[in-house]
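# Examining the three-dimensional arrangement
For reference, the chains in residue letters:
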Amino acid sequence: AIALMELFNTYIKEGDLDRAKLVSLRLLEKTNYPPHIVHGNLGYIYGEEDNLPLAKKHLKQALAVKKDYSPALNSLGTVRVKEGNLDQAEQLFKQALEHDPFFTMAKLNLVDIYLITNRPLEGTILLEDIFKTDPHPDAYLILGKILVNNRQIKEALAVWREGLELSPEDARLKKWIKAYQ
C-alpha cells in the first residue's frame, strides 16, 4: 500500500491524473489503506477533472470517515469555488486550516478567495506568510495562476521559474511556463 501511495504522489507531481486515479482505485479495492485518504485523493482528482458530482461524493465519504481531514475539506472548498459558492469555499478552507494551520494549499486557496472577493490586503498578508513558512512549489504554482488571472503574465512566468528552481522536475510548473511563454 505504501508503494502504491508513493506511485500516486509521483503521478500527481507529473500531472498524470488518469494514472493517479487508477492507483487510488486500486488502493481502495485491494488494500486496507485509510479510506479517508484514498477518498480524499479521488475527490481531489475528480475535482481537477471538473467532475464535481464524483468529487463531492468521494470528499463526503472521506469526511464521513474523518470529519477533520484537512485535504478533503480543502478539496471540497475548491469544488465550492467551481460551483460559484465562495462563502462556503472560504469556510471550508478556514476549517482545513483550523485542523492543520500549516496546510499550504488551504492557505493558497484562501488567498485566491481574498483576491476574488476584493480583499487584497488579507490576501497579501497570508501570501507573505506562506512564502516565509513554506516556499513549496505548489505556492509558486498557485501564485502564478493568481497572477495570470490578474493578467500579469510576465510576473507569473517569473514566479513559476522561481518555483522550478526549487523543484526542477515539477511537470505542472513546466506545463504552465510552456503555455504562457
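Keep in mind that what you see is a predicted model, and the values were worked out from it rather than measured. (Residues numbered from 1 in each chain as written. Predicted model: local features only at pLDDT ≥ 70, side-chain atom pairs only at ≥ 80, totals over all residues. Heavy atoms only, no water.)

On to the overall build of the protein, then. Of the regular secondary structure elements, the protein holds 11 helices and 0 strands. Going from the N terminus to the C terminus, the protein shows its helices and strands as α-α-α-α-α-α-α-α-α-α-α. Each principal axis of the C-alpha atoms in the protein carries an extent, and together these give about 45 × 35 × 30 Å. Within the protein, the proportion of its 181 residues that are buried is 43%. In the protein, 40% of the contacts between residues at least 6 apart in sequence involve partners at least 24 apart. Summed over all atoms, the accessible surface of the protein reaches about 10,000 Å², with 52% contributed by carbon and sulfur. (Helix = DSSP H or I, 4+ residues; strand = E, 2+ residues; numbered from the N terminus. Buried < 20%, exposed > 50% of the residue type's maximum accessible area, 1.4 Å probe, protein only. Contact = heavy atoms within 4.5 Å. Areas by Shrake-Rupley, 256 points an atom, 1.4 Å probe, with all protein chains shown as cover.)

Attention now goes to the side chain of Thr104. Tracing the backbone shows Thr104 in helix H7 (residues 104-116). The exposure class assigned to Thr104 is buried, which follows from its relative accessible area of 8%. For Thr104, the contacting residues outside a window of four places in its chain are Ile130, Asp134 and Ala139.

Considered as a void within the structure, the largest pocket measures approximately 1,500 Å³ in volume. Those elements that provide at least two residues to the lining of the largest pocket are helix H1 (2-14), helix H3 (35-48), helix H5 (70-82), H7, helix H9 (137-149) and helix H11 (171-180). In terms of residue count, H9 provides more of the lining of the largest pocket than any other element does, 8 residues in total. Partitioning the lining of the largest pocket into residue classes produces 17 nonpolar, 13 polar and 12 charged. (1 Å grid on protein atoms, 1.4 Å probe; cavity = no way out; pocket = protein on both sides within 12 Å on 5 of 7 lines; lining within 4 Å. Points joined across faces, edges and corners; volume = space filled by probe spheres on them. Nonpolar A, V, L, I, M, F, W, Y, C, P; charged D, E, K, R; others polar.)

Moving on, we get to H9. Counting along an α-helix, one turn takes 3.6 residues, and residues three or four places apart therefore face a common direction. Between its first and last C-alpha, H9 extends 19 Å over 13 residues, near the 18 Å set by a 1.5 Å rise per residue. Of all the 13 residues making up H9, 11 are buried; the element is thus mostly covered by neighbouring parts of the structure. Taken together, the buried positions of H9 are Pro137, Asp138, Ala139, Tyr140, Leu141, Ile142, Leu143, Gly144, Ile146, Leu147 and Val148. Buried-residue contacts for H9 involve H7, helix H8 (120-133), helix H10 (153-166) and H11. Trailing H9 by a residue or two, Arg151 shows a phi angle of about 60°, which is positive. (Expected span 1.5 Å × (residues − 1).)

Along its 14 residues, helix H4 (residues 52-65) runs 20 Å from first to last C-alpha, staying within 8% of the 20 Å computed at 1.5 Å per residue. Residues Leu52, Ala55, His58, Leu59, Ala62 and Leu63 constitute the buried set of H4. Burial along H4 is one-sided: seen end-on, the buried residues are contained in an arc of 135°. Turned more than 90 degrees away from the buried face of H4, the exposed residues are Pro53 and Ala64. Its buried side turned inward, H4 meets H3 and H5. (Arc of directions from axis to C-beta.)

Let us look at unusual backbone geometry. Notably, Asp50 is not glycine yet its phi reads approximately 65°, a positive angle. Mapping Asp50 onto the fold places it in the loop between H3 and H4. Phi at Asn118 is positive, roughly 60°, even though this residue is not glycine. By secondary structure assignment, the location of Asn118 is in the loop between H7 and H8. With relative accessibility at 64%, the residue Asn118 sits in the exposed group.

Contact geometry for H3 and H4: axes closest at 7 Å, N-to-C directions at 160°. In terms of orientation, H3 and H4 fall into the roughly antiparallel class. Considering only the axes of H3 and H4, their crossing is left-handed. Contacts between H3 and H4 involve Pro35, His36, His39, Gly40, Leu42, Gly43, Tyr44, Tyr46 and Gly47 from the former and Leu52, Leu54, Ala55, His58, Leu59, Gln61, Ala62 and Val65 from the latter. Here the residues of the contact of H3 with H4 are counted per class, giving 10 nonpolar, 7 polar and no charged. (Axes fitted to C-alpha atoms, helices over the stretch in contact; angles between N-to-C directions. Parallel < 35°, antiparallel > 145°, perpendicular 65-115°, else oblique. Left-handed = near helix turned anticlockwise from the far one by under 90°.)

The values are spatial; any link to function lies outside them.
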